[in-house]
Amino acid sequence: KNFKEEETIHILGKNDKMHGLQMENFIDLYLPKNINLKINLLGGDISLNNIHGESILETLGGDININNHEGRIDTKTNGGNIKINKLNGVFKGHSFGGNIYIAESDGNLASSTVGGNIFMEKLYGIIGSQTSGGSISLLDVHAKEINCQSFGGAIKCNNISGKIKIQNSGKGINIENSNGDLEIKSNSGDITINKSNGSL
C-alpha cells in the first residue's frame, strides 16, 4: 500500500500455507538512495545495500546484513547474526542469540549480545560493546573511546588506540599493541598486555 500523503509504503503480509506447508516469501525493493526505512519481520533475513537515512530493522528469527549505509541504524534480532560493513553514522544493534560483525565503519557504534560473539575490525569513532555469554574481538580499531564488557567469554584486542575501558568477568583479557589510556578490570581471567603506549 502506497500512502502518498504520508510518503510511506506499507507492505503487509500474512503466513500463507499450502497443504500444511508454510510458504516462503522474497521481497526485493529498489528504492531511492535517500530514504528512511522501518522493517519488522516475524522471521527471515533483512539485507540493505547503499542506503542513506534512518533504518529501524527487527526480525524475530533471521539475519540482518547491511552494506554501505550512511545515517542511523537501529537493529534487533532474536536468533540471527548482524553483519555491518561500511557504515558512517550511528549504529545500535542487539542479538539475543547470534553474533555481531562490524567492519570498516565510523561513528557512534554500540552493539550487544546475550549469547553470541562480537567481532569488530577497522572502526573509528566511539565504540561500545557488551556481551553476556560470548567473546569480544577488536582488530585495527582506532577510536576516540572504546568501552567493552564481557560477562562470559574473552576479550581480545590487536592494534587498538583511544581512551580504552575494558571489563571482563569470563575468560580474561588479551591486548596486543595498544596506544592510549587503558583502564582494565578482570574478575575471573588473566590479563595479558603486549606493546602498550600510554597510561595503564
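(A) Here's a closer look at a nonpolar patch on the surface. Together, Ile9, Ile11, Ile27, Leu29 and Leu31 give the surface a local cluster of nonpolar side chains, amounting to about 480 Å² of exposed area. Here Leu29 shows up in the loop between strand 4 (21-22) and strand 5 (37-41).

(B) Representation of the environment of Phe26. On the secondary structure map, Phe26 appears in the loop between strand 4 and strand 5. With a relative accessible area of 72%, Phe26 lands in the exposed category. Between the C-alpha atom of Phe26 and that of Gly44, which follows or precedes it by 18 residues, the distance is 9.3 Å.

(C) Representation of the sheet that holds strand 8 (residues 82-95) within the structure. One open sheet holds the 10 strands; their spatial order is 5-6-7-8-9-10-11-12-13-14, and the pairing between them is parallel. Each end of this open sheet is capped by a strand with a single partner; those strands are strand 5 and strand 14 (191-197). In this sheet, neighbouring strand axes are inclined to one another by 10° on average, regardless of whether the strands run parallel or antiparallel. Both strand 8 and strand 9 (residues 100-113) contribute to a ladder of 12 bridges, which runs parallel. Across the sheet, residue Ile82 finds its bridge partner in strand 9, namely Ile100.

Quick notes on the rules
- Residues numbered from 1 in each chain as written.
- Predicted model: local features only at pLDDT ≥ 70, side-chain atom pairs only at ≥ 80, totals over all residues.
- Heavy atoms only, no water.
- Patch = residues over 30% accessible without salt bridge, like charges linked within 9 Å, V, L, I, M, F, W, Y side chains within 5 Å.
- Areas by Shrake-Rupley, 256 points an atom, 1.4 Å probe, with all protein chains shown as cover.
- Salt bridge = Lys/Arg side-chain N within 4 Å of Asp/Glu carboxyl O.
- Helix = DSSP H or I, 4+ residues; strand = E, 2+ residues; numbered from the N terminus.
- Buried < 20%, exposed > 50% of the residue type's maximum accessible area, 1.4 Å probe, protein only.
- Pairing = 2+ DSSP bridges.
- Axes fitted to C-alpha atoms, helices over the stretch in contact; angles between N-to-C directions.

Scope: geometric values only; no functional claims are made or implied.
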